[in-house]
Amino acid sequence: MNVLVIAEHDNQTIKPATLNCIMAAAQLSLFSDSRLHLLVMGHNAQPAVEAATNFPGVSKVLHADGPQFAHALAENLAAQVLAVASNYSHILFAATASGKNVAPRVAAQLDVAQISDISRVDSLDTFERPIYAGNALVCVQSLDAIKVITVRTTAFDAASASGGAATIEVLSAVPDQGKATFVGSEIAKNGRPELTSAKVVVSGGRALGSSEKFTDVMTPLAEKFGAAMGASRAAVDAGYASNDWQVGQTGKIVAPQLYIAVGISGAIQHLAGMKDSKVIVAINKDPEAPIFSVADYGLEADLFVAVPELVASL
Amino acid sequence: MKILVAVKRVVDYNVKVRVKSDNTGVDIANVKMSMNPFDEIAIEEAVRLKEEGIASEVIAVSCGVAQCQETLRTAMAIGADRAILVQTDVELQPLAVAKLLKALMDKEQPGLVILGKQAIDDDCAQTGQMLAALADLPQATFASKIEVVAGDGTGARGNANVTREIDGGLETISVTLPAIVTADLRLNEPRYVTLPNIMKAKKKPLEIVTPEGLAVDVAPRLKIIKVSEPTRRGAGIMVPDVATLVDKLRNEAKVI
């Protein structure tokens, strides 16, 4: 049986999270001779579909197009996935806001369990996933015929995006399910990389003291590194940073090459979101801050002095 | 309209759990248990909708062991009118919970169901979406704002505008009622429970039913093979100043 990966995209390009998901799918194919199909559901998503045909390892790109997919409403996406689900042994989504929204809806309609946020593929039916904010890892075996899975993107390398030659199959699009309509969105456009796929993340905590100081101190640092900006829950709760910057158990999970934590004490819920980063730097004036226990390089200093100095010396 | 809210009893979020030495699970004997924080937000939202006159009754539901009654009493102290416990000692997975909630929805006919977006023990984030699928209803997950716009008081026909936290920002969708909503962190700040309200909650009705009584098969679909400790990061070093930090990043870690 074949493996289906649900693509995440903006109709023009496929998001990096999908490449991590393809890597997880490729590991499944080590245990069987399954083929890998990618499903692109969008509105005028031809450019994204064309890009996806270049992914090595993907043998076929399924394309369902229509205005009902323009805003990725869960009801419509789930219905389209269900229309092809019976052809597959595994259906994989990236564990992003969108993937987490749709995957359980698909699983319940198939009457199968969903396996959330897998961090390792052990066999065709056995997977490892973190629980309790990553303080424990559980290895679970699915007893269901179809495995519906969300993939922790930071746990798998990105698959290559060029060199492949997949075929395209146009699916007949399912009709609008008529349950929800899109009203509007507020997406911040700041020209910085996406938090979950950035090579460098600079995160600020409550010690920054105000929204203005957060911006004044953190923005030059982010610009110097071409980094994405993150924040601790405390900083978001205090209104210093926007909600979607929150790194942690219930926010974003990141694992960049370099993570710089500025004025973040390091509650276990925050550590859960960043402890798999390759190199962690912590700047904090409290030598007892738990963040130092996971940092490769700790600097006990006043962030208002140390961060500008760091920016100046880069 | 009635609002149904699902609440889960979990290990308190301040507790750092330990993996049992035989790798069968985490040790939850004698640790503090609390209501899942996202479910507290869900209850608070339902109670506010009642205080605004939009909801007529708030029903809290929990599925699990007998001690979940304490969690339900907390929900009623926040302001839920009554509670239902689906009592079982079976380890419940999200699909089973969604099926139990669906059975209770059929009985209670709520106009809105609110759940936390994820439980902080298994970190699954599935139950709300699964319930929406089983009930064939719209879903609005990760909600940071709920606005019921056209309820007629009975929940018969109406809409809710729900602002959702998505990657990169926020989006607002309109869902027809009845609908399933899952609460994110910024939906509200739950009130402190007062002693008089705790006393009052003791007198509110708490009904106990069973999965068998609801004709729901709750057998687990995922078998736990092993629970283990994650590998710990090796200890790092403290650097004395910014210059040393830059030097280490450049020449040792080679990340800049």
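Above this text sits the structure in question.
Keep in mind that this is a model prediction, so the values were computed, not measured. (Residues numbered from 1 in each chain as written. Chains lettered and ligands numbered in written order. Predicted model: local features only at pLDDT ≥ 70, side-chain atom pairs only at ≥ 80, totals over all residues.)

1. Quick word on the sheet that holds strand β6 (residues 112–116) of chain B
Reading across the sheet, the 10 strands line up as β11(A)-β9(B)-β8(B)-β7(B)-β10(B)-β6(B)-β1(B)-β4(B)-β5(B)-β11(B) and stay open at both edges, with mixed pairing between neighbours. Taken across any chain shown, the strands that pair with only one partner, and hence form the sheet edges, are β11 (180–187) of chain A together with β11 (206–209) of chain B. On average, each strand axis in the sheet is tilted by 30 degrees relative to the strand beside it, whichever way the strands run. Bridge count for strand β7 (residues 139–148) of chain B against strand β10 (residues 179–183) of chain B is three bridges, and the pairing is parallel. The residue bridging Gln139 of chain B from the neighbouring strand is Ile180 of chain B, located in β10 of chain B. Contacts from helix α1 (residues 37–51) of chain B reach β1 (2–6), β4 (57–64), β6, β7 and β10 of chain B, with the element oriented near 150 degrees to β6 of chain B. Strands β1, β4, β5 (82–87) and β11 of chain B of the sheet are contacted by helix α2 (residues 68–78) of chain B, whose axis makes an angle of about 160 degrees with β4 of chain B. (Pairing = 2+ DSSP bridges. Helix = DSSP H or I, 4+ residues; strand = E, 2+ residues; numbered from the N terminus. Axes fitted to C-alpha atoms, helices over the stretch in contact; angles between N-to-C directions. Contact = placed C-beta atoms within 7 Å.)

2. Quick look at the interface of chain A and chain B
Opposite the 67 residues of chain A that make contact, chain B presents 64 residues. Classifying every residue of the side of chain A that touches chain B gives 36 nonpolar, 19 polar and 12 charged. Relative to strand β13 (residues 237–239) of chain B, strand β16 (residues 297–300) of chain A runs parallel, the two sharing three bridges. What sits directly across from Gly298 of chain A, in β13 of chain B, is Met238 of chain B. (Nonpolar A, V, L, I, M, F, W, Y, C, P; charged D, E, K, R; others polar.)

3. Observations concerning the pairing of strand β14 (residues 258–262) of chain A
Residue and element names in this part refer to chain A. In terms of burial, β14 is a largely internal element, five of the five residues being buried. Side-chain alternation along β14 places Leu258, Ile260 and Val262 on one buried face and Tyr259 and Ala261 on a second face that is also buried. Note that strand β12 (residues 200–204) and β14 share five bridges and pair parallel. Bridge pairing links Ser203 to Ala261 in β14. With five bridges joining them, β14 and strand β15 (residues 279–284) adopt parallel strand pairing. By the bridge assignment, Ala261 is partnered in β15 with Ala282. (Buried ≥ 20, exposed ≤ 12 C-beta atoms within 10 Å, placed from the backbone.)

4. Overview of the sheet that holds strand β3 (residues 58–65) of chain A
Residues and elements named next belong to chain A. Here we have seven strands laid out as an open sheet, ordered β5-β9-β4-β1-β2-β3-β10, and parallel in their pairing. In the strand order of this sheet, the two ends are held by β5 (114–118) and β10 (167–170), each with one partner. Between one strand axis and the next, the sheet turns through 25 degrees on average, direction left out of account. Note: β3 against β10, four bridges, orientation parallel. Following the sheet pairing, Val61 is matched in β10 by Ile168.

5. Some details on the nonpolar core
The biggest cluster of nonpolar side chains holds 204 residues, and the ones touching the most others in it are Val5 and Ala60 of chain B. Leave out the neighbours within four places in its chain, and Ala60 of chain B touches Val5, Val7, Ile43, Leu72, Ala75, Met76, Ala80 and Ala83 of chain B. (Core = buried A, V, L, I, M, F, W, Y, C linked by C-beta atoms within 7 Å.)

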